[in-house]
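In case you want the letters, here they are:
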Amino acid sequence: MASNTPSPDDRAGDPPAGWSRRRLMAGAAVLAGASVPAVASARTAAGAVETVETAPFPPVSVRSGDARYPDLVRGMNQRWTARPESVQLVASTEQVRAAVQQAVDAGKRLTVRGGGHCYEDFVFNDAVETVIDLSEMTAVRFDEQRGAFEVQAGATLTDVYERLYKAYGVVVPGGVCYSVGVGGHVSGGGWGMLCRRNGLIVDHLYAVEVVVVDARRQARAVIATRESSDPNRELWWAHTGGGGGNFGVVTRYWFRSPGATGTTPGSLLPRPPAEVLLSAVSWPWEDMTEQAVTRLVRNYGAWHESHATAGGPYDGLVANLSLNHRSNGQIGLLTQMDATVPDAQGLLDAFLRAVSDGVGVPHGAVTKAMGEFGPMPEFATPQRLPWLQATRYLGVTNSILVDPTLRGDYKSAYLRRNIPEQQIATMYRHLTRTDFANPNAMVLLSSYGAAVNSVSRTATASVHRDSAFKLLYQTYWHSAGEDAANLAWLRGIYEDVYAATGGVPVSDQNTDGCYVNYPDIDLNDPLRNRSGVPWSTLYYGENYPRLQRVKAAWDPADVFRHGQSVRLPR
């Protein structure tokens, strides 16, 4: 996902041995201090001490004909490639500012790439002429002057977790996939396996640095904080779930939990559980009737509905139920439980019994891809693991994104209450269709709520603060010749499930719109979204007019735009 375009949270990639060779080497260098850019102190006109970056290398412009070009004009999803005039590899905020100014002066359409996980063509499309590539801006360090952890926007979740935990024993509650770039992940809200325990990643965002372009078309870097006295505070707020590619180029984030006091770095962000329990079980499709699938989904939904508020021992439990297409062979359930709470094993066992009640004893041997995660037979009996070891494991067990040929499409929904049986029946019909067979087509149910729901709907731009769980409808395939069949299947299941509300999950007593980090351009199409509710409301709810005001204040020339960017107010 591009660092400043909407990004998915929970993908996985390379095998555990590497995480990717470049990232391992970078991570080791960070811990040794080698990959952190030189930082000097400077005094501003107002007398405040500010940090000034020193770039580790000069900017690089890569154009067509350069051997590096093909690798830099595509992301993870092979449906999206581009032919920009240039890709600008940058290594500091000043280099970003200069690249933006150059593009603006030349009248070039620009986009921004970080991790490369973008679900839609918001980075790589036919209109883009300049891509600003942040992938080498990966530094993670403690900023003593701000009393917060500084993270460059090109860093991946690997960079962040490794550095914060090994050096300071703390964490930000971000996504699962090791290779997601934080720029877009954070700006879109960012959730992961610690969300019920510690909230969203933006709930710990203290400040953001953004290269913006003013009405005179001049680029400059602005730092905005959550301090109530900060005149730039609305720009900070817009980056707590307003989505990427809307207001400028994010170059740095700073993290410190609200209410954190003192100067010791280890006290300024949450500490993850020392150990977690991992469980992975499955139900063979050959044993699953429609009644059994309905019971399984209703059990999962009922449990989450009854545990949607924070304050109980299950705040540390997150579970992903993968309703894979029947051709996959199995339905899978992956669960992570905070092992440090009293009777953690008993709580996990009770959860598994509640979900499987009336369905049948789940199997332990997971022999096929279990939705987002690969074969995990070793976790049929829950295993106790150190938190970082478990996080590494989950981050790299998705074999899907290792494949450089894969194409994909995605849709989403938030659930305030359990899924009605009629909607489950519709899912079942599409998941068991015999005229379509793809083991990588699925509906993924993921835990939400608890700490996430302890924040008001307007305190951050992330408006979905009263849901119990959420859904990701997705399919992956290999060749352009399979596009039509997979897109038709995904649109069919989604629009049929929400047929009563115009083909999309409008906000009502059961559902609450869509997740901006799973962007879906079909929401713009009145033939696909027949609800009369615009995509902007599905993503942002009542927060959208405020986001539009931020857009007008900070990007009045609409320099930063894509197919679902925040629109200037009329």
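Note that this is a predicted model, so its numbers are computed, not measured.

Draft legend 1. Expanded view of the sheet that holds strand β11 (residues 249–255). Ordered in space as β7-β8-β11-β9-β10, the 5 strands form an open sheet in which the pairing is antiparallel. Every other strand in the sheet has two partners, leaving β7 (140–143) and β10 (219–225) as the edge strands with one partner each. Going across the sheet, the axis of each strand differs from the next one's by a mean of 25°, ignoring polarity. Here 6 bridges tie strand β9 (residues 205–213) to β11, and the two strands are oriented antiparallel to one another. When the sheet's bridge partners are listed, A207 is paired in β11 with W254. Across the sheet, helix α4 (residues 157–168) lies against β7 and β8 (148–152), angled at about 50° from β7, the strand it touches most.

Draft legend 2. Structural detail: the pairing of β11. For β11, a buried count of 7 out of 7 residues is recorded, marking the element as mostly surrounded by other parts of the structure. Summarising the sheet, β8 and β11 pair through 4 bridges and their orientation is antiparallel. The residue bridging E150 from the neighbouring strand is W254, located in β11.

Draft legend 3. A look at the environment of A451. Structurally, the position occupied by A451 is in the loop between β17 (441–447) and β18 (469–477). Along the chain, A451 and G311 lie 140 residues apart, while their C-alpha atoms are 8.1 Å from each other. Excluding residues within four positions of it along the chain, A451 makes contact with C195, R196, R197, N198, G199 and A310.

Draft legend 4. View of the nonpolar core. Of all hydrophobic cores here, the largest spans 148 residues; its most connected members are V100, L333, L445, L471 and Y473. Excluding residues within four positions of it along the chain, L445 makes contact with V297, Y300, A319, N320, L321, L323, I419, F469, K470 and L471. Counting residues in hydrophobic clusters, the runner-up holds 14 residues, among them V73, C118, F122 and V123.

Draft legend 5. Quick look at the packing of helix α11 (residues 421–431) against helix α12 (residues 483–497). The N-to-C vectors of α11 and α12 enclose an angle of 165°; their axes lie 9 Å apart at closest approach. One way to sum up the angle between α11 and α12 is to call them roughly antiparallel. Like other packed secondary-structure pairs, α11 and α12 cross with a definite hand, here right-handed. Listed contacts from α12 to Q423, T426, M427, R429, H430 and L431 of α11 are W489, G492, I493, D496 and V497. Here the residues of the contact of α11 with α12 sort into 5 nonpolar, 4 polar and 2 charged.

Draft legend 6. Region of the structure containing helix α3 (residues 93–105). Compared with an ideal rise of 1.5 Å per residue, which puts 13 residues at 18 Å, α3 spans 18 Å between its outermost C-alpha atoms and is within 8% of the ideal. Among all positions in α3, only T93, Q95, V96, A99, V100, Q101, A103 and V104 are buried. G107, located one to two residues past α3, shows a positive phi value of around 70°.

Draft legend 7. Main features of the confidence of the model for the protein chain. Per-residue confidence for the protein chain gives a mean pLDDT of 89; residues scoring 70 or more make up 87%. Per-residue pLDDT stays below 50 along residues 1–50; that stretch engages in 167 contacts with residues further than four places along the chain or on separate chains. Counted against residues more than four places away or in other chains, residues 365–371, with its pLDDT under 50, gives 30 contacts.

Draft legend 8. Spatial organisation of unusual backbone geometry. With phi around 65°, R217 is a residue other than glycine that occupies positive phi space. You can see R217 is positioned in the loop between β9 and β10. A relative accessible area of 36% places R217 in the partly exposed class. In this model, D343 sits at a positive phi of 55°, which is unusual for a non-glycine residue.

Draft legend 9. Representation of the sheet that holds strand β13 (residues 317–324). If you walk across this open sheet you meet the 7 strands as β15-β12-β14-β13-β17-β18-β16, and the pairing is antiparallel. A single partner strand is all that each edge strand has here, and the edge strands are β15 (383–386) and β16 (407–415). Neighbour to neighbour, the strand axes of the sheet diverge by 20° on average, direction disregarded. Judged from the 9 bridges that link them, strand β12 (residues 275–284) and strand β14 (residues 330–338) form a sheet pairing that is antiparallel.

Calculation criteria
Residues numbered from 1 in each chain as written. Predicted model: local features only at pLDDT ≥ 70, side-chain atom pairs only at ≥ 80, totals over all residues. Heavy atoms only, no water. Pairing = 2+ DSSP bridges. Helix = DSSP H or I, 4+ residues; strand = E, 2+ residues; numbered from the N terminus. Axes fitted to C-alpha atoms, helices over the stretch in contact; angles between N-to-C directions. Contact = heavy atoms within 4.5 Å. Buried < 20%, exposed > 50% of the residue type's maximum accessible area, 1.4 Å probe, protein only. Core = buried A, V, L, I, M, F, W, Y, C linked by side-chain atoms within 4.5 Å. Parallel < 35°, antiparallel > 145°, perpendicular 65-115°, else oblique. Left-handed = near helix turned anticlockwise from the far one by under 90°. Nonpolar A, V, L, I, M, F, W, Y, C, P; charged D, E, K, R; others polar. Expected span 1.5 Å × (residues − 1). pLDDT = per-residue confidence, 0-100.

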